[in-house]
Structure formats: structure tokens, C-alpha cells
Amino acid sequence: YASNFTCHVKINTDPPSWEEMGRVFATNGIRPGGHYQPDGCQPRQKMAIVVPYRDRQQHLQILLNHLHTHLPKHSMEYKIFVVEQAHPNIFNRGALFNLGFLEASKNYTFDCIMQHDVDILSEDDRTIYACYRMPRHLSGYNDKGHYKKPPKYHFGGVTAIPTKMFESVNGFPNSYWGWGGEDDDMSARLQVHGHTIFHHPVNIERFTLLKHSKHKLNPFNIYKYFLVNANPYKETMK
Ligand code: UDP
Ligand code: MN
């Protein structure tokens, strides 16, 4: 790949303390609530960035430090919403994105809703966090996948959907408990509404994944049910 070294973002996987992060955020003009507005220019877009979260504090510190260090360079307006699942049972990523959307709508207006896993970091400053007319999958090319082209339908990790489009497909499903499926369901929703997922080329859009143990695949996961029992494309989806 043709990498431009000056655009390479330094990945800091050793986060400073919350206090130190607070100082960095204040220097970068981050307001309370994880809100950034460029000074002296009108932003082209306002984003709500939703991070589904439970029990990964180190990753959260690394991510927030990374985003609030690099995103202000892009002169967009954004606000980060960390949605923590209190329910001790199996995780529900799709429902947390819907909750994030609803909570964000209460006190913030935004053109673009982004879904952001807590463990994924952008490596290139030319990757602008923003929505296009098509839904975007930003983190398709990543170190874990050896920066290989992702399948067209993939829609996990870091994604961006215009607010109106998110509403028109009725958000994420709430019914996928446990690992997997909610991202493919959203991908299918977008597809049946006639939207094609957009990727930038790998030379300007690359991500690093932080390591963790795998979260539980629910044996009753509706996704697994479809994959095994009801999906005529199951061979091609694996
Ligand atoms: N997540 C979390 N705590 C959990 C499980 C999931 O915070 O116990 C969130 C977190 O944002 C994570 C995302 O859900 O990045 C996707 O889950 P995970 O990273 O386990 O799945 P992967 O896609 O890496 O297999
Ligand atoms: Mn992960």
C-alpha cells in the first residue's frame, strides 16, 4: 500500500490517567460531555458518535484519548456518547446504538450518526469522520484482517449513517443478544432500502484493533438461528 507517513496517526495504547486526559481535552477545546465545535468556522457536519460499552475501561480511555486528540484537526462538530449496558446479562450492541441515538437526539442536533466500537483506532489522518450520501463502513481495512478488502456487506466496527437514513431503516434491531448479527442485520436493512455501503481505498483508511478475549456467542442468538436454519446464503456468509 502507498502510505503517507505524515498522515500516519500515532497510536497510543498506554492511556494517560483521566486527570491527564482532562488536561489534554481542555487544551484541544473539548467541552464537557465530549463535545467539540471548531472555533471560528462553520462545521460542514455535526456527528453523534455512539460507543457501546461495558467493562472495558482501559479501551475506553485509549479510544477517548485517541478521538479527542485527532478528531479536532478535521474541523467537524461531534459529540461522543458512551452508552454503558447496566444489565449484567449478555451484551446487546444493537440496542445500545438505538439508545445512543435516542439519548443524543434529546439534547443535540446531528446530521450524522456514527457507531464506534470501543476497541478500534484510526491510523490515518485522512480518514475523516463524517457521513456521505451512502452509508460508510470505515474500519473494513484493519490490522487484524491484514488490511485485506472486507466483504461488501460487512458493517461492523466503525460505521457512519446519515441521521435521516438511520431513521428511515428504523435503526438497529433490538433483538440480537450476545455476539454477532446486529451488524449484518443493519447491513441488510440498508441494502433493502437501496443503499450501497461505501469504503475508501486502503491507502487512506486503516484501523488498528485492540486485543481482548471474545465475548459470548449466545446459543439462542437469533443471528445464529438464521445462519444455521433459515439463511439460504449461509455458505457465502461464513
Ligand atoms: N462491548 C463491550 N463490552 C463487552 C462486549 C462488547 O464494551 O463485554 C462493546 C465494545 O464497544 C466492543 C463492541 O461491543 O468493541 C463489539 O464487541 P467485541 O469487541 O467483543 O466484538 P468483536 O467484533 O471484537 O468480535
Ligand atoms: Mn472487539
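Quick caveat, the model's predicted, so the values are computed rather than measured.

Next up on the list: the overall build of the chain. Helix and strand counts for the chain stand at 7 helices and 8 strands. Per-residue burial for the chain yields a buried fraction of 51% across its 238 residues. For the chain, the share of sequence-separated contacts (at least 6 apart) that also reach a separation of at least 24 residues comes to 80%. Accessible surface, the chain: about 12,700 Å² in total, of which carbon and sulfur atoms supply 55%.

Each protein donor to the manganese ion (ligand 2) is listed here as Asp119 (OD) and His212 (NE2); together their distances run 2.0 to 2.2 Å. Of the two residues, aspartate 119 sits in the loop between β4 (112–116) and β5 (120–122) while histidine 212 sits in the loop between β8 (207–209) and α6 (222–230), which places them 93 residues apart along the sequence. Given the relative accessible area of 41%, histidine 212 is considered partly exposed.

Attention now moves to the confidence of the model for the chain. Put simply, the chain has an average pLDDT of 90, and 88% of its residues get 70 or more. Considering only residues more than four positions removed or in separate chains, one finds that residues 231–238, a stretch of pLDDT under 50, has 8 contacts.

So, about the state of the cysteines. Applying the stated criterion to the full structure yields 1 disulfide. Paired by a disulfide, cysteine 112 and cysteine 131 hold their sulfur atoms 2.1 Å apart. One quick way to see it: the torsion about the S-S bond of cysteine 112 and cysteine 131 is about 75 degrees, and its sign makes the bridge right-handed. On the criterion of sequence distance, the pair formed by cysteine 112 in strand β4 and cysteine 131 in the loop between β5 and β6 (136–137) is long-range, its members being 19 residues apart.

Scanning the model with the defined rule gives 1 cavity of 30 Å³ or more in all. Taken together, Val9, His66, Leu67, His70, Leu71, His74, Ser122, Asp124, Asp125, Thr127 and Tyr129 make up the full set of residues lining the largest cavity. By residue number, the principal contributor to the lining of the largest cavity is helix α2 (residues 57–70), which donates 3 residues. Split by residue class, the lining of the largest cavity holds 4 nonpolar, 5 polar and 2 charged.

For the rest of this paragraph, the subject is the pairing of strand β3 (residues 77–84). Two faces make up the sheet, and in a regular strand the side chains alternate between them. Counting buried residues in β3 gives 6 out of 8 residues, a clear majority hidden from the surface. For strand β1 (residues 35–36) and β3, the ladder comprises 2 bridges, and the chain directions are antiparallel. Along β3, the bridge assignment pairs tyrosine 36 with tyrosine 78. Summarising the sheet, strand β2 (residues 46–53) and β3 pair through 8 bridges and their orientation is parallel. In the strand pairing of β3, valine 51 is matched with valine 82. Regarding topology, α2 serves as the crossover connection from β2 to the parallel β3, and that connection is right-handed.

Quick notes on the rules
Residues numbered from 1 in each chain as written. Chains lettered and ligands numbered in written order. Predicted model: local features only at pLDDT ≥ 70, side-chain atom pairs only at ≥ 80, totals over all residues. Heavy atoms only, no water. Helix = DSSP H or I, 4+ residues; strand = E, 2+ residues; numbered from the N terminus. Buried < 20%, exposed > 50% of the residue type's maximum accessible area, 1.4 Å probe, protein only. Contact = heavy atoms within 4.5 Å. Areas by Shrake-Rupley, 256 points an atom, 1.4 Å probe, with all protein chains shown as cover. Donors = N, O, S within 2.8 Å, 3.2 Å for Na, K, Ca; no water. pLDDT = per-residue confidence, 0-100. Disulfide = S-S within 2.5 Å. 1 Å grid on protein atoms, 1.4 Å probe; cavity = no way out; pocket = protein on both sides within 12 Å on 5 of 7 lines; lining within 4 Å. Points joined across faces, edges and corners; volume = space filled by probe spheres on them. Nonpolar A, V, L, I, M, F, W, Y, C, P; charged D, E, K, R; others polar. Pairing = 2+ DSSP bridges. Right-handed = clockwise from strand over helix to strand, strands pointing away.

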